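Structural overview
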Amino acid sequence: MASGNAIRGSRVGAGPMGEAERGESAPRLRISFWCSNGHETVPSFASDAQIPETWDCPRCGFPAGKDRDNPPDPPRTEPYKTHLAYVRERRSDADGEAILAEALAKLRGEI
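Residues numbered from 1 in each chain as written. Predicted model: local features only at pLDDT ≥ 70, side-chain atom pairs only at ≥ 80, totals over all residues. Heavy atoms only, no water.

In this numbering, the UniProt entry assigns the feature "binding site: Zn(2+)" (unreviewed entry) to Cys 35, His 39, Cys 57 and Cys 60. For the annotated residues, spread through 26 residues, the largest C-alpha to C-alpha distance comes to 8.5 Å, consistent with a single compact locus. Of note, Cys 35 is situated in strand S2 (residues 33–35). Setting aside chain neighbours within four positions, we find Cys 35 in contact with Cys 57, Cys 60, Phe 62, Pro 63, Ala 64 and Pro 71. You can see Cys 60 is positioned in the loop between strand S5 (54–56) and strand S6 (63–65). On the basis of relative accessible area, Cys 60 is assigned to the partly exposed category, the value being 27%. Each residue touching Cys 60, except ones within four places of it in the same chain, is listed here: Cys 35, Asn 37 and His 39. (UniProt positions renumbered as here; feature names shortened; annotations may be inferred. Helix = DSSP H or I, 4+ residues; strand = E, 2+ residues; numbered from the N terminus. Contact = heavy atoms within 4.5 Å. Buried < 20%, exposed > 50% of the residue type's maximum accessible area, 1.4 Å probe, protein only.)

Right under this line is the structure:
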């Protein structure tokens, strides 16, 4: 026995949908981009769109360019620095010794 709901089992937008209902698609260009790892990416752009110089490679994340023989260099990443490394950049060993001596004097109650 049917429950009387005519749209049961279907969803909004369900059914055949072709170019007749959507309209014609815009003309497209497919441009190849290569990264420094040799991966090729071929995104499509509208024919009247401005094509970017670089595109991010979806496989490795490096920048990719349109010239296969000269792809863009991968970005240079700085290694992780500890807090102590940053302190050593700002202070000399003599400054560190003076600060340590002052802190020890405070702990000992000399100051």
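Next, the rest of the story.
This brings us to the environment of Ile 51. Considering the arrangement of structural elements, one finds Ile 51 in the loop between strand S4 (44–46) and S5. Beyond its immediate sequence surroundings of up to four residues, Ile 51 is in contact with Ile 31, Phe 33, Phe 45 and Lys 66.

On to the packing of aromatic side chains. This model, assessed by the stated rule, comprises three aromatic pairs. Here Phe 33 and Trp 55 contribute two aromatic rings whose centre-to-centre distance is 6.0 Å and whose plane-to-plane angle is 25°, an arrangement assigned as stacked. One end of the pair, Phe 33, is in strand S2; the other, Trp 55, is in strand S5, and 22 residues separate them in sequence. With a relative accessible area of 0%, Phe 33 lands in the buried category. (Phe/Tyr/Trp six-rings, centres within 6.5 Å; stacked < 30°, edge-to-face > 60°.)

This part takes up the pattern of salt bridges. The tally for this structure, following the rule as stated, stands at three salt bridges. Here Glu 78 and Arg 76 are joined by a salt bridge, their closest N and O atoms 4.0 Å apart. Judged by its relative accessible area of 74%, Arg 76 is exposed. Linking Lys 81 and Glu 89 is a salt bridge whose minimum nitrogen-to-oxygen distance equals 2.4 Å. With a relative accessible area of 30%, Lys 81 lands in the partly exposed category. Accessibility expressed as a relative area gives 51% for Glu 89, which makes it exposed. (Salt bridge = Lys/Arg side-chain N within 4 Å of Asp/Glu carboxyl O.)

Two modes of strand pairing occur in sheets, parallel and antiparallel, and in both the strands are linked by backbone hydrogen bonds. Within the open sheet, the four strands sit side by side as S3-S2-S6-S5. Their pairing is antiparallel. For this open sheet the edge positions go to strand S3 (40–41) and S5, each flanked by a neighbour on one side alone. Here S2 pairs with S6 via two bridges, running antiparallel. Opposite Cys 35, over in S6, you have Ala 64 as the bridge partner. (Pairing = 2+ DSSP bridges.)

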